[in-house]
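Okay, here's what each chain looks like letter by letter:
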Amino acid sequence: MRRKFDQYCPRAHAPSLIGKRWSLLIVRDLLHGPKRYTDLAHGLPGLGTNILAARLRELEAAGVVRKRRLPPPAASTVYELTEYGVELKEPLYALARWGARTLGPPKSEDDLYPEWGMNGLPALFNAEEARGLTETYVLDVDGDVFTARIVNGSLEVSLGAAEDADLVVAVDMDTFFALATGELGLREAAARGSARVEGDPGALDRCFRVLSFAPRVGTAA
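Treat the numbers as computed from the prediction; the structure is a model and nothing was measured.

Quick notes on the rules
Residues numbered from 1 in each chain as written. Predicted model: local features only at pLDDT ≥ 70, side-chain atom pairs only at ≥ 80, totals over all residues. Heavy atoms only, no water. Helix = DSSP H or I, 4+ residues; strand = E, 2+ residues; numbered from the N terminus. Expected span 1.5 Å × (residues − 1). Contact = heavy atoms within 4.5 Å. Buried < 20%, exposed > 50% of the residue type's maximum accessible area, 1.4 Å probe, protein only. Axes fitted to C-alpha atoms, helices over the stretch in contact; angles between N-to-C directions. Parallel < 35°, antiparallel > 145°, perpendicular 65-115°, else oblique. Phe/Tyr/Trp six-rings, centres within 6.5 Å; stacked < 30°, edge-to-face > 60°. Salt bridge = Lys/Arg side-chain N within 4 Å of Asp/Glu carboxyl O. Core = buried A, V, L, I, M, F, W, Y, C linked by side-chain atoms within 4.5 Å. pLDDT = per-residue confidence, 0-100. Pairing = 2+ DSSP bridges.

Participant: How would you summarise helix 6 (residues 89-103) if you had to cite specific residues and measurements?
Facilitator: Taking 1.5 Å per residue as the helical rise, helix 6 with its 15 residues ought to reach 21 Å, and the 20 Å between its terminal C-alpha atoms agrees with that figure. Tucked into the core, helix 6 has its buried residues touching helix 2 (23-30), helix 7 (117-124) and helix 8 (173-181). In the stretch just after helix 6, G104 is the one whose phi turns positive, near 75°.

Participant: Before we move on, can you summarise the environment of S154 with the specific residues and values?
Facilitator: Take S154: it is sitting in strand 6 (residues 154-159). Taking the relative accessible area as the measure of exposure, S154 reaches 44% and is therefore partly exposed. Through-space distance from the C-alpha of S154 to that of A127 is 7.2 Å; in sequence the pair is 27 residues apart.

Participant: Can you explain the packing of helix 6 against helix 7? Please cite residues and give values.
Facilitator: Packing of helix 6 against helix 7 brings their axes to within 9 Å, and their N-to-C directions diverge by 90°. Relative to helix 7, helix 6 is oriented roughly perpendicular. Counted together, Y93, A96 and R97 of helix 6 and N119, P122 and A123 of helix 7 form the full contact between these two elements.

Participant: Now, about the packing of aromatic side chains: what can you tell me, with residues and values included?
Facilitator: Aromatic ring pairs: the centre-centre distance and the angle between the two ring planes describe each pair. Within this structure, the stated rule accounts for four aromatic pairs. Ring plane angle 75° and centroid distance 5.1 Å describe the contact between W116 and F146, whose orientation is recorded as edge-to-face. Within this pair, whereas W116 is found in the loop between helix 6 and helix 7, its partner F146 is found in strand 5 (residues 144-151), the two being separated by 30 residues in sequence. Both residues of the pair, W116 and F146, count as buried. When the centroid spacing of 5.1 Å and the interplanar angle of 50° are considered together, the rings of F177 and F213 count as tilted.

Participant: An account of the pattern of salt bridges is requested, with residue identities and associated values reported.
Facilitator: On inspection of all chains with the given rule, the structure shows 14 salt bridges. Between R55 and E58 there is a salt bridge, with its nearest N and O atoms 3.3 Å apart. Of the two residues, R55 and E58 both sit in helix 4 (residues 49-61), three residues apart, roughly one turn of that helix. R206 is paired through a salt bridge with E135; the nearest N and O atoms lie 2.5 Å apart. A residue pair is termed long-range when its members are at least 10 positions apart, and R206 in helix 10 (residues 201-210) and E135 in strand 4 (residues 135-141) qualify at 71 residues. By relative accessible area, which is 26% here, R206 ends up partly exposed. Using a relative accessible area of 5% as the deciding quantity, one classes E135 as buried. The structure contains a network of salt bridges with shared partners spanning K20, R55 and E58.

Participant: Could you give an account of the nonpolar core, with specific residues and numbers?
Facilitator: Within the largest apolar cluster, 35 residues are counted, with the highest numbers of intra-cluster contacts made by L121, Y137, F176 and L211. When residues of this core are traced back to their parent elements, those giving at least two are helix 7, strand 4, strand 5, strand 7 (167-171), helix 8, helix 9 (186-192) and helix 10. Excluding its chain neighbours within four sequence positions, the residues that come into contact with L121 are L139, F146, A148, L155, V157, F176 and L211. Formed by 22 residues, the second largest nonpolar core is a distinct cluster that contains L17, W22, L44 and L59.

Participant: Residue-level account of the confidence of the model for the protein, with values.
Facilitator: Confidence in the prediction for the protein averages 90 pLDDT; 96% of positions are at 70 or higher. Helix 1 (residues 10-18) is the least confidently modelled element of the protein, averaging 85 in pLDDT, while strand 7 averages 98, the highest of any element.

Participant: Quick one: what's the story with the sheet that holds strand 6, residue by residue and with numbers?
Facilitator: Pairing is mixed across the open sheet formed by five strands, whose spatial order is 6-5-4-7-8. Every other strand in the sheet has two partners, leaving strand 6 and strand 8 (195-199) as the edge strands with one partner each. Direction aside, neighbouring strands of the sheet carry axes that sit 15° apart on average. Relative to strand 7, strand 4 is paired through five bridges, and the arrangement is parallel. Along strand 7, the bridge assignment pairs L139 with V169. Of the strands in this sheet, strand 4, strand 5 and strand 6 touch helix 7, which is tilted by about 160° from strand 6.

Right under this line is the structure:
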């Protein structure tokens, strides 16, 4: 049952739609396209099937998620975000940047799924810093390799290394986190030996301004 509040407040209404445990993680996993029920269950370890079914029903009722039957030969049912659900992308990324500041980098015992960068890099992407930019970065973070391709200020992230990268950076997770928070500069990390860097010096200076935890604060009118 959706919680009601004794005041008109969109900020209170929004958590009533998506604020239950696991709901935002379901939305997170659907940001990259439709998924079958079994895909969602596999990607969210610890989530019981009864809770997953309940959260999907609630998100459908809220207009955030819809269920669709794929045509043959697939002929399976998938869940996907509605247009309204897709609009959660930037709020979700903003929440991730905010939470990461106190969460800190993952520890050795933390469960980090191999495709973490597919959500992590878009969350870090600063469109203002990337305005008009076309550039490609390959990031190797403790062996997890992602390509961040920026085309005229828009970001596309893929698994693996592009061959035409302007900049290739290899770091461990702690160094990556320090670079993204701005606690450490990439040139300094390279000088210390905590980053291996190849490519365009200009891209070296831009990379972690474009991929950053920095707050997105609009300019006052």
